[in-house]
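The chain contents come next:
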Amino acid sequence: MKHQLIQAICDTLLQSLWLGLVLSVVTGLTIIFTRKSSARLRYRLLAGYLLMFTLATVLTLFFHLTGPEDIKDLYNQTIGSSENNILFSGYQYLNSKSEIIVLIWFLMICIKFTRLGVGFYNLYRLKREQLIPIGKYWEDKVSYLCEVLQIKNKITVAESGIAKIPMVLGHLKPLILLPVGLLTNLSVAEVEVILLHELSHIRRRDYLVNVLQNFLELIFFFNPAVLWISTLIKEERENCCDDMVIATKQNKTVYINALLSCQQYQANQRFAMMLSANRNSLVGRVRRMVSNDNHTLSGVEKSLLTVCLITAVVLTAAFSSVGSQSVSNTPDRLVTLVAKNTIKPQTDTLKLRKKLTTRPPKKRVKLKRSNSSKLQAANVVQSEMIKIKSDEAKARFEEDRKRSEVNKRRSDEAKIRSDETRARADEARARADEAKIRLDHSKIRIDAAKTRAEEVRIRAEEVAERSSKLRVKIESSGPKGSPSPTGPIGDSPR
């Protein structure tokens, strides 16, 4: 029973890679063809694909554990009959090392579960330590926003001395944490849109989905398709909340400024619903809100999608060839059993066996032709994608060139305006210098006039002083020898 469980887990892990390949192809095509669709539709499609992958993996494990023995034997015989196929030879080799593979997988799971426990402990600290109430005004504001979004749960909002970015914790009793100082550094409108974003996560129950999504990433850590689609789901989740905020407030400018203001904070809480923790993701969100255009695949992602599509076609061809071999080998085994149970084999049975053994080569030829046609179709698709990519690059180059010309023209106009402004400033400066010189001349003249007035005053004082002295002298000399009216001798002339 223990060996059967290990073998079933190993088979499930290996086959999850094949399922992940199909998942990546479907996801890539969905991203390409839903570029103009809403973020809500894209989020639901991606989450549905991840759920289907999980169910398929669980059914695969259930089949290997409790499936009918006849079907298991046929499956093992099919794999064993494809010894000349490189893919199935590698699969059979890995399957023979099932105990080592499951042991390594289990050890990695234990390490990641340890990190998971540390993450939940950090969340517990965030909920319990260094919490500061936000005040009556903001509590009333949060209640009003809950009524707008039709949220019936009781929402608690607090400032945290540990959190470095706005986030939501908890599913049954949600808690919104804001960094200390955010309410005072941002305007009321910016804080309101931030609270709306976090309340949108609560309205959509994103916290629970995010925890389940992280569990899947932990279990399928070796599967790049699961990690890729999980990243896309997180991006579309944030886009959905952005759309809800813009639909409620109808003001993109305030919301974008709030996002840019929160970018200065950093966070490493993995299981919390955070506003913006990645700069590249924030730039993509801002570009999407400005241009109203969803994210599409990059050049590297398109190339990887083409490789996955070709690989899927090749593996499908390999499975088809193995299936044809198993179908051709099944009548041989039936004929062998009939030969053992009868004394004399019938000639009709031998003819039937020859016919059955001669049919598979024709099927193989058809499969080879079909494989070549599929490869040609894949090559055509790849060439078309390369052509589309080159056309997009040319269009972007033309747009950049036009933008550079417009920017150059604007810079020249700005330069001319700056030169005119500089000339006007020089003229004003010259006029100011002339006025200053005139003012200095006026001051000099005023000082000269003051000096002259002072000299006149001094002279007037000197004259007054002399006149006063003379008057005193005259008054003092008058009574002693005043001149007679008849002459100096006193006798009248004869």
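Model, not experiment: these values are computed from the prediction. (Residues numbered from 1 in each chain as written. Predicted model: local features only at pLDDT ≥ 70, side-chain atom pairs only at ≥ 80, totals over all residues. Heavy atoms only, no water.)

Caption draft 1: Structural detail: the overall build of the protein. Within the protein one finds 14 helices and five strands. Burial status across the protein gives 32% buried among its 494 residues. Of all intrachain contacts in the protein linking residues separated by at least 6 positions in sequence, the fraction that spans at least 24 positions is 76%. Counting only carbon and sulfur atoms, one obtains 60% of the accessible surface of the protein, whose full area is about 32,300 Å². (Helix = DSSP H or I, 4+ residues; strand = E, 2+ residues; numbered from the N terminus. Buried < 20%, exposed > 50% of the residue type's maximum accessible area, 1.4 Å probe, protein only. Contact = heavy atoms within 4.5 Å. Areas by Shrake-Rupley, 256 points an atom, 1.4 Å probe, with all protein chains shown as cover.)

Caption draft 2: Structural context of the environment of Ser303. Here Ser303 lies in helix α13 (residues 299-341). Along the chain, Ser303 and Ile386 lie 83 residues apart, while their C-alpha atoms are 8.9 Å from each other.

Caption draft 3: Here's a closer look at the packing of helix α9 (residues 206-219) against helix α10 (residues 224-249). Where α9 meets α10, the closest approach of the two axes is 10 Å, and the angle between their N-to-C directions is 165°. As far as their axial angle goes, α10 and α9 are roughly antiparallel. Handedness of the crossing formed by α9 with α10: left-handed. Of the residues in α10, those in contact with Asp206, Val209, Asn210, Gln213, Asn214, Leu216 and Glu217 of α9 are Val226, Leu227, Ser230, Ile233, Lys234, Arg237 and Cys241. Taken together, the residues of the contact of α9 with α10 sort by class into six nonpolar, four polar and four charged. (Axes fitted to C-alpha atoms, helices over the stretch in contact; angles between N-to-C directions. Parallel < 35°, antiparallel > 145°, perpendicular 65-115°, else oblique. Left-handed = near helix turned anticlockwise from the far one by under 90°. Nonpolar A, V, L, I, M, F, W, Y, C, P; charged D, E, K, R; others polar.)

Caption draft 4: Layout of the nonpolar core. Ranked by internal contacts, the top residues of the largest apolar core, which has 33 residues, are Ile155, Val157, Ile176, Leu178, Leu195 and Leu199. Breaking this core down by element, the ones donating at least two residues are α6 (136-149), β4 (175-179), α7 (182-185), α8 (188-204), α10, α11 (252-262) and α12 (279-291). Among the elements that line this core, the one with the most residues is α8, at seven residues. With 20 residues, the next largest nonpolar core counts Val25, Phe53, Phe220 and Ile229 among its residues. (Core = buried A, V, L, I, M, F, W, Y, C linked by side-chain atoms within 4.5 Å.)

Caption draft 5: Fine view of the side chain of Thr34. Along the polypeptide, Thr34 turns up in the loop between α1 (2-33) and α2 (39-66). Filtering out sequence-adjacent residues up to four positions away, Thr34 remains in contact with Arg42, Leu45 and Asn294.

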